[in-house]
Amino acid sequence: MTEPSPDGRTRRRGRRTRRIAVPLTVVSAIVAGTVLSGCGRQQDPDVYTVMNSSTDESYHRWDGDTLKRCGKELGITIEQQSVPASQLMTKALRMASSKSLPDVLQLDASEMPTFAEAGGLIPLKDLGLTTTDIPDGIVDFGSYGGKYYGAARTVNTLALFYNKDTLDKAGLAVPTTWDEMRETAAKLTQGKRYGLALSAGGAEDGVFQFTPFMWSNGGDETKLDSPEVAGALDYWKALLKDGSLSKSTVNWTQADVNDQFMAGNAAMMINGPWQVETLNAKKGLDWGIAEIPVPKAGDDSVGPLGGGILTVPNTGDGEREKKAAEIIGCMAGEQEQITYALNSWMVPANTKAAAVWRTKAPELAALAGQVSTARSRTAKVGARWSSVSLALQSAFQSALTGESSEAALSRAQQRVTSGN
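Read on for a plain summary of the structure. Because the structure is predicted, anything quoted here is derived from the model rather than measured.

**Some words on the sheet that holds strand β7 (residues 159-163)**
So, step 1. If you trace the four strands from one edge of the open sheet to the other, you get β8-β9-β7-β10, paired in mixed fashion. Edge strands, defined here as strands with exactly one partner in the open sheet, are β8 (194-197) and β10 (287-290). The mean inter-strand angle of the sheet, taken between neighbouring strand axes irrespective of direction, is 20 degrees.

Below, the structure written as structure tokens:
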């Protein structure tokens, strides 16, 4: 919930918390010391630990039920340890330094490359897990340097949510292109209601929401000062200039965006499936979901994959690492994926499980289509994603408050290149 990581696992009713970026040099030093010195504590051979960010009561309960079923299947006891998403990486590093890492560590996919590059994770294929029936984009989501380190149970991405009643009363169709969305948003902007709400705040939420516009327009994170990236940011600026976006957009998280939509202050919004449970709890709100509009008809709508991935920390205890892989195999099994996806409104990572899920959650069919073209934020830049994200966050704040997109993005690219 994302928690910048907009992975959907964050507090659906609360506010997302910013993850703390830990320098690669620090991660490498701590992890290397752990691996070289081996395990530092005696552990019960029949008790295993899974550490995740499921501090939300519902997610904690769902994961607990999964672990009970998997523990019974494997003949072991599996304990769940949940810490806030913003603290998970630093908690894992403290555990690494004291040689007390969990057997299974759930990371946000955007954080995994940092841990993997430092030598802190075991490739899952080395432990007997396969990627059969997992789409290439989702395999890449859990991979770094050509090696598969993290298994996703479910994934999520962004989509266009819209108020059906509002569009129907205005006689407007759901937009599919940028021009249509700009025109529709302008027509729906009346009184205190804005046509569209999205997050352009100075945190990962805003970057997560910008990627569909950047990628669908042909830009990418390897060259932030390209015309394609500037064109995507200019599109946001045009919506703001039209009055279709609130000026508060530069401060909103995705939770704020959802609040505005639910209150009737926005006719459409860009958001993710982690908001569905809250939306369904609002009486009288008739909402729909569609793929995010593209620059021109026929383009692919390329959104960001979000979600957590299950990894095996490199503890030096080969037997426990093998059993940890079995735990992941159970947690990411087809039926467990379906159960978890239906609870959390996410999309199963396994294609066979996803096919069953579509029949059980037809109202989210557009989300499945959006996932099919989605990709990982770290696929091209790996552990450098955190630097790219910080540079983009600064660029949004400047460009949306008056600076030209070209100037803001040029400075962002220089910041990434220099490493500052």
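**Thoughts on the nonpolar core**
So, step 1. Ranked by size, the top nonpolar core spans 72 residues in total, and within it Phe161, Trp287 and Ile327 carry the most contacts.
So, step 2. Non-local contacts of Ile327, meaning those with residues more than four positions away in its chain, are made with Tyr48, Val50, Leu74, Ile76, Ile78 and Val104.
So, step 3. Tyr162, Leu167, Val229 and Ile270 belong to the second largest nonpolar core, which has 53 residues in total.

**Here's the deal with the packing of aromatic side chains**
So, step 1. Scanning the model with the defined rule gives 11 aromatic pairs in all.
So, step 2. Judged by centre distance (5.6 Å) and plane angle (40 degrees), the rings of Phe161 and Trp287 are tilted. Highlighted residues: Phe161 in strand β7 and Trp287 in strand β10, separated in sequence by 126 residues.
So, step 3. Here Phe161 falls in the buried class, since its relative accessible area comes to 0%.
So, step 4. Seen in terms of ring centroids, Trp178 and Tyr235 are 4.5 Å apart; in terms of plane orientation they differ by 20 degrees. Their pairing is stacked. Here Tyr235 lies in helix α9 (residues 227-242) and Trp178 lies in helix α7 (residues 178-188), a separation of 57 residues in the sequence.

**Brief notes about the environment of Leu364**
So, step 1. Mapped onto the secondary structure, Leu364 falls in the loop between α14 (351-360) and α15 (365-373).
So, step 2. C-alpha of Leu364 to C-alpha of Val276: the two residues are 88 residues apart in sequence and 9.6 Å apart in space.
So, step 3. With sequence-adjacent residues up to four places away left out, Leu364 is seen in contact with Val276, Trp287, Ile289, Trp345 and Trp357.

**Focus: the sheet that holds strand β11 (residues 308-311)**
So, step 1. Strand order across the open sheet formed by four strands is β2-β1-β3-β11, with mixed pairing between neighbours. The sheet is open, and its two edges are formed by β2 (77-82) and β11, each paired on a single side. For this sheet the average axis-to-axis angle between neighbouring strands, irrespective of direction, equals 20 degrees.
So, step 2. Bridge analysis of strand β3 (residues 104-108) against β11 gives four bridges, and the strand direction is antiparallel. Across the sheet, residue Leu105 finds its bridge partner in β11, namely Thr311.

**A word on the packing of α9 against helix α17 (residues 405-418)**
So, step 1. Remark: α9 packs on α17, axes separated minimally by 9 Å, with the N-to-C direction vectors making an angle of 130 degrees. One finds that α9 runs oblique with respect to α17. At the point where α9 passes α17, the crossing takes the right-handed sense. Here Val229, Ala230, Leu233, Asp234 and Lys237 of α9 lie close against α17, whose contacting residues are Ser405, Glu406 and Leu409.
So, step 2. Its residues assigned to classes, the contact of α9 with α17 shows four nonpolar, one polar and three charged.

The rules behind these values
Residues numbered from 1 in each chain as written. Predicted model: local features only at pLDDT ≥ 70, side-chain atom pairs only at ≥ 80, totals over all residues. Heavy atoms only, no water. Pairing = 2+ DSSP bridges. Helix = DSSP H or I, 4+ residues; strand = E, 2+ residues; numbered from the N terminus. Axes fitted to C-alpha atoms, helices over the stretch in contact; angles between N-to-C directions. Core = buried A, V, L, I, M, F, W, Y, C linked by side-chain atoms within 4.5 Å. Buried < 20%, exposed > 50% of the residue type's maximum accessible area, 1.4 Å probe, protein only. Contact = heavy atoms within 4.5 Å. Phe/Tyr/Trp six-rings, centres within 6.5 Å; stacked < 30°, edge-to-face > 60°. Parallel < 35°, antiparallel > 145°, perpendicular 65-115°, else oblique. Left-handed = near helix turned anticlockwise from the far one by under 90°. Nonpolar A, V, L, I, M, F, W, Y, C, P; charged D, E, K, R; others polar.

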